Amino acid sequence: MQPRPILWIVIPCYNEEQVLPITAPMFLNKINDLVKMEKISPSSRVLFVNDGSKDKTWQIICDLSKQDEHYIGISQSRNRGHQNAVLAGLMEAMNRCDITISIDCDGQDDINAMDAMVDEYWKGSEVVYGVRSKRATDTWFKRTTAEGFYKVMNALGAEVVFNHADYRLVSSRVLKHFADYEEVNIFLRGMFPLVGFKSTSVYYERAERLAGESHYPLRKMLALAFNGITSLSVKPITLIAGLGVFVSLLGVAAAIWAIVEAILGHTVAGWASIICIVCLLGGIQLISLGVIGQYIGKTYLETKRRPRYIISERTWEPTQRHWIEEEKQ
Ligand code: UDP
Ligand code: MG
């Protein structure tokens, strides 16, 4: 039998003094249950990442870590946002565990879905996406904007799993490859599909926040969507180039029409020449912008220095294995 994996649950926390005392024991119970069922190792941990909270969150995390050895915490020097907090936690966990599960600390994501996630890992998946099957408890506005978000993202070339937020299981092997994605603008849920490896989804119902308030108002959601699109895709630039071609064709048609009108004598002097210049130049400018954009887009993708390939299987044991194992200890 495979050795039982060490699980680290990674939880970003920003001003969560109200909800943390309620949800922290839930995470610990889950670890204890999974250990009892012999699905994970007893050295598993609950890792809180304090994202520069201004309230007592860090104090609560410190107190928890004294209560039970399974609770541990790290604190960011200041508030950097949810995505960076999750990243910090995952990188902290990477060399110290076999699997990580990232989850919000407000109890909205069903903690019990972790059982199914760990089962899927045992069955061979290295990335397991938690997907919301229903959003009955979200307001109509939140639900519509959130679902629209996924549709717009996919339409603009950022591949994301529909209705998956940042509740997911990732093996440390995948994290080590993920660490080679050195970009600064991170959008985790769009980046893990790029890393590849066997993945699957488990479904759960999204509940209401147990306490405290959401930190994701529409403004932050729009910023996240914009960051997701621009950091994963150069499709908007291609759209500009396409628009340029379209406007140029219209311009040619308009120019022909203006010339015909001028010949038929329906116009005042000078009108046709101005219309021709305006229409054609507009199209040419947009095409030029699109072409320049393509080069900037390429430069942009190059500067990310993402890995060019990732090997998932070998028929032979790489010698590196020894130091990978050593690093883990
Ligand atoms: N969060 C964070 N830094 C921030 C904002 C939020 O670490 O700047 C954490 C927050 O503590 C929570 C998770 O990210 O655990 C999701 O935030 P929230 O529940 O407010 O978002 P929503 O579920 O409403 O989209
Ligand atoms: Mg929430």
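Note that the coordinates shown come from a computational prediction; the quantities given were computed from them, not determined experimentally. (Residues numbered from 1 in each chain as written. Chains lettered and ligands numbered in written order. Predicted model: local features only at pLDDT ≥ 70, side-chain atom pairs only at ≥ 80, totals over all residues. Heavy atoms only, no water.)

Looking only at helices and strands, the protein chain features 11 helices and seven strands. In terms of C-alpha radius of gyration, the protein chain reaches 26 Å, well past the compact-globule figure of 20 Å for 329 residues. Counting only C-alpha atoms and orienting by the principal axes, one finds that the protein chain spans roughly 90 × 50 × 35 Å. A sequence separation of at least 24 residues applies to 81% of the contacts in the protein chain between residues at least 6 apart. Surface summary for the protein chain: the accessible area is close to 17,600 Å², and the carbon and sulfur share equals 60%. (Helix = DSSP H or I, 4+ residues; strand = E, 2+ residues; numbered from the N terminus. Rg over C-alpha atoms; globule rule 2.2 N^0.38 Å. Contact = heavy atoms within 4.5 Å. Areas by Shrake-Rupley, 256 points an atom, 1.4 Å probe, with all protein chains shown as cover.)

Our focus in this paragraph is the site of ligand 1. For ligand 1, the set of nearby residues contains 20 residues, the closest of which are Glu16, Asp51, Asp106, Ser214 and His215. Glu16 has a polar side-chain atom sitting 2.6 Å from an oxygen atom of ligand 1. Take Cys105: an N or O atom from its main chain is 3.0 Å from an oxygen atom of ligand 1. In the complex, 95% of the free accessible area of ligand 1, which totals 540 Å², lies under the protein chains. Judged by the fraction of its atoms near the pocket grid, ligand 1 is located in the second largest pocket. (Near = heavy atom within 4 Å. Polar contact = N/O pair within 3.5 Å; in protein donor to acceptor, adjacent residues only side chain to side chain. 1 Å grid on protein atoms, 1.4 Å probe; cavity = no way out; pocket = protein on both sides within 12 Å on 5 of 7 lines; lining within 4 Å. Sits in = over half its atoms within 2 Å of the grid points.)

Another point: the pairing of strand β5 (residues 127-134). Of all eight residues in β5, six are buried; the element is thus mostly enclosed. Looking at chain direction, β5 and strand β6 (residues 164-171) are connected through four bridges and run antiparallel. Within the sheet, the bridge partner assigned to Val127 lies in β6 and is Val170. Bridge count between β5 and strand β7 (residues 199-205): seven bridges; the pairing is parallel. Its bridge partner lying in β7, Tyr129 is registered against Ser201. (Buried < 20%, exposed > 50% of the residue type's maximum accessible area, 1.4 Å probe, protein only. Pairing = 2+ DSSP bridges.)

Here we take up the coordination of the magnesium ion (ligand 2). Distances from the magnesium ion (ligand 2) to its protein donors, Asp106 (OD) and Gln108 (OE1), fall within 1.9 to 2.0 Å. What makes Gln108 buried here is its relative accessible area of 10%. (Donors = N, O, S within 2.8 Å, 3.2 Å for Na, K, Ca; no water.)

Counted as a void, the second largest pocket has a volume near 1,100 Å³. In terms of lining residues, the second largest pocket is bounded by 45 residues, among which His82, His215, Tyr216, Lys220 and Leu224 are the most central. Going through the elements one at a time, β1 (7-13), α3 (82-94), α5 (140-155), β6 and α8 (218-232) are the ones with two or more residues in the lining of the second largest pocket. Looking at the lining of the second largest pocket residue by residue, the class counts come to 17 nonpolar, 13 polar and 15 charged. (Points joined across faces, edges and corners; volume = space filled by probe spheres on them. Nonpolar A, V, L, I, M, F, W, Y, C, P; charged D, E, K, R; others polar.)

Take unusual backbone geometry next. Positive phi values are uncommon outside glycine, yet Glu38 reaches one of about 60 degrees. Relative to the elements of secondary structure, Glu38 occurs in the loop between α1 (20-36) and β2 (45-50). We note that Arg305 has phi near 50 degrees; this positive angle belongs to a residue other than glycine. Considering the arrangement of structural elements, one finds Arg305 in the loop between α10 (271-303) and α11 (321-328).

Glancing now at the environment of Gly297. For Gly297, the position within the fold is in helix α10. Among the residues examined, Gly297 registers a relative accessible area of 5% and is labelled buried. Each C-alpha atom, one on Gly297 and one on Val184, is 16 Å from the other, the two residues being 113 residues apart in sequence. Ignoring anything within four residues of it in the chain, the contact list for Gly297 reads Val234 and Ile237.

If you look at the biggest cluster of nonpolar residues, it comprises 36 residues, and the most contacted ones within it are Phe149, Met153, Val174, Leu175, Phe178, Phe187 and Phe192. With five residues, the single largest contributor to this core is α3. Apart from residues no more than four positions distant in its own chain, Phe192 is found in contact with Leu90, Tyr129, Arg168, Val170, Val174, Leu175 and Phe178. (Core = buried A, V, L, I, M, F, W, Y, C linked by side-chain atoms within 4.5 Å.)

Moving on, we come to the sheet that holds strand β3 (residues 71-75). The sheet built from seven strands is open, its strands ordered β3-β2-β1-β4-β6-β5-β7 with mixed pairing. Whereas interior strands pair on both sides, the edge strands pair on one side only; in this sheet they are β3 and β7. Between one strand axis and the next, the sheet turns through 25 degrees on average, direction left out of account. Where helix α7 (residues 188-195) meets the sheet, it contacts β5 and β6, and its direction lies at approximately 40 degrees from that of β6. (Axes fitted to C-alpha atoms, helices over the stretch in contact; angles between N-to-C directions.)

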